[in-house]
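Given next are the chains, with one letter for each unit.
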Amino acid sequence: YKEEFMKPVNRHLLVEIPIKEVKEEEVTFLLPEDYKATKVERYTKVNIIACADDCKREYSGEAYVENSMIEDISIEGEMYHIVSENYLVLLMEAK
């Protein structure tokens, strides 16, 4: 990410979505040959890259957000992911 260039605003966070391994499950009934069963989790872990200056606090590290609330933005061939501060549901903080 080009952190110095991409600065979120309006209480948004720039996040990175870690790549997960997808496990294939065995099918016990007949399906079309090209069908791939995937389980979509409701929440996903993200790494917070940057946050807007108007956020309630400075966020960093890992957090969990609802998948449907992550917005994808393509700029000059690069894919960026943003989420509103309101949609953080769990912060992973060191004690």
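Each remark here, short or long, concerns the structure printed above.
Reading the values: the criteria
- Residues numbered from 1 in each chain as written.
- Predicted model: local features only at pLDDT ≥ 70, side-chain atom pairs only at ≥ 80, totals over all residues.
- Heavy atoms only, no water.
- Salt bridge = Lys/Arg side-chain N within 4 Å of Asp/Glu carboxyl O.
- Helix = DSSP H or I, 4+ residues; strand = E, 2+ residues; numbered from the N terminus.
- Buried < 20%, exposed > 50% of the residue type's maximum accessible area, 1.4 Å probe, protein only.
- Polar contact = N/O pair within 3.5 Å; in protein donor to acceptor, adjacent residues only side chain to side chain.
- Pairing = 2+ DSSP bridges.
- Axes fitted to C-alpha atoms, helices over the stretch in contact; angles between N-to-C directions.

*Asks:* Quick question: what am I supposed to make of the pattern of salt bridges here?
*Replies:* Oppositely charged side chains may form a pair once their charged atoms are brought near each other. Here the structure, examined in full by the defined rule, presents four salt bridges. Two residues, E66 and R42, come together in a salt bridge whose shortest N-O distance is 3.6 Å. With E66 in strand β3 (residues 61–66) and R42 in the loop between β1 (12–16) and β2 (43–51), the pair connects residues that are 24 residues apart, well separated along the chain. In this structure E66 comes out as partly exposed when scored by relative accessible area, which is 22%. Residue R42 is classed as exposed on the basis of its relative accessible area, which comes to 52%.

*Asks:* What's the story with the side chain of H81 in this structure? I'm lost.
*Replies:* Within the secondary structure, H81 sits in strand β5 (residues 78–84). A polar contact of 2.6 Å, which involves the side chain of H81, links it to the side chain of D72.

*Asks:* What is the right way to read the pairing of strand β4 (residues 71–75) from this model?
*Replies:* Moving residue by residue along a regular strand, the side chains alternate between the two faces of the sheet. Bridging between β4 and β5 involves five bridges; their strand directions are antiparallel. Within β5, the position partnered with I73 by the bridge is Y80. Here β4 folds back onto β5 in antiparallel fashion, the turn holding two residues, of which E76 has a positive phi close to 50°.

*Asks:* What is the right way to read the sheet that holds β5 from this model?
*Replies:* Pairing between the strands of a sheet comes from backbone hydrogen bonds, and it takes one of two forms, parallel or antiparallel. In spatial order, the strands read β4-β5-β1-β2-β3-β6; together these six strands make up an open sheet with antiparallel pairing. The outermost strands of the open sheet, each flanked by one partner alone, are β4 and β6 (88–92). Adjacent strand axes in the sheet meet at a mean angle of 45° when their direction is disregarded. Across four bridges, β1 lies against β2 in antiparallel orientation. Pairing of L14 across the sheet is with A50, part of β2.

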